[in-house]
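Observations on the model geometry
Residue strings, one per chain:
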Amino acid sequence: MNGAAVFLAEGFEEIEALTVVDICRRCGIVIDMVSVTKERQVTGSHGVTVTADKVFSQIDFDKYAMLILPGGMPGTKNLEAHAELMEQIDNFYENGKYIAAVCAAPSIFGHKGILKGRNACSYPDFESHLEGALVTQEPVEISDHVITSRGMGTAIDFGLAIAGVLGTREKADEIAGAIIYNRRGAK
């Protein structure tokens, strides 16, 4: 149970989702791309169509240690409208399992009250939705079992933070070096 699932809704931000998947797989972490539609093909906010590994109805949440929400519009709204996914986000949070979101998607955590009293970050236009959070401009914030990040430009930082939590910090550092990346923010 050290794997993760990243959820793809129509209009997701491609770089935010795929960077996390790429980095985690380079670190040897099992990560599934899961479509919240009935189709494995999901089109991102910039017209890039991705084939997910699974559709929502096929997954077993017990095998995951983390659920990840990429941003993008209307992807974030489509994720938040998916009632079964939102139930699982609540379940993971209440049971101390990791949840992560980037760009506009941390607004979902804010709407749920998950960020109260926590350091959190998001795309600047969505900071007002981080209800009760101590909003920062860091590339990534890890607050207990909640991870947030700011956007496409922080996608590598976000992916490395997730890899460091699910794997080891040493492996994440090794991958950062291998991809010629100078880490910032939460490590």
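Everything that follows concerns the structure shown earlier in this document.
Scope of this entry: the structure provided in the associated data block. Note that the structure is predicted; figures quoted are calculated from it, not measured.

Side note on the layout of surface pockets
The space that makes up the largest pocket amounts to roughly 160 Å³. As for the largest pocket, its lining consists of Glu13, Glu16, Ser45, His46, Gly72, Met73, Cys103, Ala104, Tyr123, Phe126 and Met152. Of the residues assigned to the lining of the largest pocket, the class counts are 6 nonpolar, 3 polar and 2 charged.

Re the side chain of Glu13
As for its position among the elements, Glu13 is in the loop between strand S1 (3-8) and helix H1 (14-26). Assessed through its relative accessible area of 9%, Glu13 is described here as buried. Once residues lying within four places of it in the same chain are set aside, the contact partners of Glu13 are Ser45, His46, Pro70, Gly71, Gly72 and Met152.

Digging into the nonpolar core
Among the nonpolar cores identified, the biggest contains 33 residues, and Leu8, Ile31, Met66, Ile68, Phe158 and Ile162 are the most heavily contacted of them. Elements that contribute at least two residues to this core include exactly S1, H1, strand S2 (31-35), strand S6 (64-69), strand S7 (98-102), helix H5 (155-166) and helix H6 (169-178). Of all the elements, H5 adds the most residues to this core, at 6 residues. Apart from residues no more than four positions distant in its own chain, Leu8 is found in contact with Ala17, Met33, Val34, Ser35, Val36, Val42, Val50 and Ala52. One finds Ala105, Ile114, Leu130 and Ala133 within the second-largest nonpolar core, a separate group that totals 27 residues.

Re the state of the cysteines
All told, the structure shown has 0 disulfides when counted by the stated rule. Counting only cysteine sulfurs, Cys27 is the nearest neighbor of Cys24, a cysteine outside any disulfide, at a range of 6.6 Å. Distance from the sulfur of Cys121, which forms no disulfide, to the nearest cysteine sulfur (Cys103) is 11 Å.

Description of unusual backbone geometry
Of note, the bond from Met73 into Pro74 is cis; its omega dihedral lies within 30 degrees of zero at 5°. One non-glycine residue, Ile180, lies in positive phi territory at about 60°. Its place among the elements puts Ile180 in the segment after H6. The exposure class assigned to Ile180 is exposed, which follows from its relative accessible area of 76%.

About the thresholds
In this convention, every chain numbers its residues from 1, walking through the sequence in written order. Where totals are concerned, whole chains, interfaces and linings use all residues; where local detail is concerned, this predicted model gives features only for residues with pLDDT of at least 70, and gives and counts side-chain atom pairs only at 80 or more. Side-chain numbers come from the whole structure's heavy atoms, not from hydrogens or water. Here the term cavity refers to a set of points on a 1 Å grid, laid over the protein atoms alone, in which a 1.4 Å probe fits but cannot get out; the term pocket refers to an open set having protein on both sides within 12 Å along at least five of seven lines, with lining residues being those that place an atom within 4 Å of a point. Grid points are joined across faces, edges and corners, and a volume is the space filled by probe spheres set on the points. The nonpolar class holds Ala, Val, Leu, Ile, Met, Phe, Trp, Tyr, Cys and Pro. Asp, Glu, Lys and Arg form the charged class, and all remaining residues, Gly among them, are polar. Comment: elements are numbered from the N terminus, with helices defined as DSSP H or I runs of at least four residues and strands as E runs of at least two. Note on exposure labels: buried denotes an accessible area under 20% of the residue type's maximum, exposed denotes more than 50%, and partly exposed covers the range between, all computed with a 1.4 Å probe on protein chains only. Contacts: residue pairs with any heavy atoms within 4.5 Å of one another. Throughout, nonpolar core names a set of buried Ala, Val, Leu, Ile, Met, Phe, Trp, Tyr and Cys residues whose side chains join them through atoms within 4.5 Å. Any pair of cysteine sulfurs within 2.5 Å is marked as a disulfide.

Interpretation in functional terms is not warranted from these geometric data alone.
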